[in-house]
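Listed below are the residues making up each chain.
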Amino acid sequence: MLRRLTEAEIAGVGMTSQRTRDRLIDRVRAKGVCDERVLETMRRTPRHLFMDEALASRAYEDVSLPIGHGQTISQPFVVARMTELLVECLPRRGARVLEIGTGSGYQAAVLAGLAETVYTIERVRALAERAHGRFRQLGLRNVQLRHGDGHEGWPGEAPFDGIIVTAARAQVPAELFAQLAAHGCLVAPVGGSGGQELVRYAPDEEGARQARVHDLVSFVPFVDGRA
Ligand code: SAH
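## Some details on the state of the cysteines
Inspection of the entire model under this criterion finds one disulfide. For Cys34, which is in no disulfide, the shortest distance to another cysteine sulfur is to Cys89 and amounts to 14 Å. Relative accessible area serves as the criterion here: at 59%, Cys34 is assigned to the exposed category.

Structure (structure tokens):
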């Protein structure tokens, strides 16, 4: 049985202490992230609990790190940037967000502090199970996780106010756009394995969805099917 973690475990010590975390947030802010709600939520989210203990001492460096199965936990700056781009489009209350590519669960945990409900889909069963356990240990009740293929989205819970894709593909699957509310935004790394553009698709005044490139990023690929 998984138990709820204690405040002390969540708080961390030494390389995982609040001081170390605060330094990371300062660094992310210095790189240009300015949404204080996003920064505060990240300051409170214990990234060291979303990776193997052997790597926990590096949890508050601004780098992506391996989580097994050939996957990675995203770089904090990139998580902050994507979250900032997404939350700008969300209603202040009651926002429902879909994430494709749960991975460690870290991005979903950050979103959980900013949206009413986060739906997240992971194709690798072992990662999905581990992330699910973490959400329980942290008492995050507003995250719903599904082991499945993100190409299909989560039709039963659509429409979403925002969709965030955390795996790279040359084109965002049309099914995901179909599950986005008219006012909603979708943020995704678009491109091949050599590197991608971080794109936000947001409606303009006429309601037509426009793509705008915000950064260059490097994500693991968005692949077909479940594993
Ligand atoms: N958001 C994650 C980082 C994700 S790494 C975090 O915060 O840690 C990208 C993840 O997308 C990997 O775990 C990978 O298995 C998953 N993925 C790739 N293709 C997918 C698909 N078709 N459906 C769902 N998940 C997928």
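## Some remarks on the pattern of salt bridges
Counted by the stated rule, this structure contains 12 salt bridges. Residue Asp62 pairs with Lys31 through a salt bridge whose shortest N-O separation is 2.5 Å. With a gap of 31 residues between them, Asp62 in the loop between α3 (36-44) and β1 (65-68) and Lys31 in the loop between α2 (18-30) and α3 connect regions that are remote in the sequence. For Arg44, the salt bridge identified is with Glu40, shortest N-O distance 3.5 Å. With Arg44 and Glu40 both in helix α3, this residue pair falls four residues apart, about one helical turn. Beyond isolated ion pairs, a larger network of salt bridges with shared partners links Asp22, Glu40, Arg43 and Arg44.

## So, the pairing of strand β8 (residues 196-203)
Summarising burial for β8: six of the eight residues are buried, a large majority. Pairing geometry for strand β7 (residues 180-190) and β8, over five bridges, is antiparallel. Bridge assignment links Val190 to a residue of β8, and that residue is Glu197. Adjacent in sequence and paired antiparallel, β7 and β8 are bridged by five residues, among which Gly191 carries a positive phi angle near 150°. As paired elements, β8 and strand β9 (residues 209-217) share eight bridges and run antiparallel to each other. Across the sheet, the residue bridging to Leu198 is Asp215, located in β9. Between β8 and the antiparallel strand that follows it, β9, lie five residues; Gly207 among them carries a positive phi value of about 90°.

The rules behind the values
Every chain is numbered on its own, with residues counted from 1 as its sequence reads. Two thresholds apply to this predicted model, a pLDDT of at least 70 for residue-level local features and 80 or more for giving and counting side-chain atom pairs, whereas whole-chain, interface and lining totals are computed over all residues. For the side-chain quantities, the full set of heavy atoms in the structure was used; hydrogens and water were omitted. Disulfides are defined as pairs of cysteine sulfur atoms found within 2.5 Å of each other. Type-normalised accessible area, obtained with a 1.4 Å probe on protein chains alone, sets the label of each residue: buried when under 20%, exposed when over 50%, and partly exposed for intermediate values. Each reported salt bridge corresponds to a side-chain nitrogen of Lys or Arg within 4 Å of a carboxyl oxygen of Asp or Glu. In DSSP terms, a helix is any run of H or I states spanning at least four residues, a strand is any run of E spanning at least two, and both are numbered starting from the N terminus. Any two strands with at least two DSSP bridges between them are considered paired.

All quantities given are derived from atomic positions and should not be read as evidence of function.
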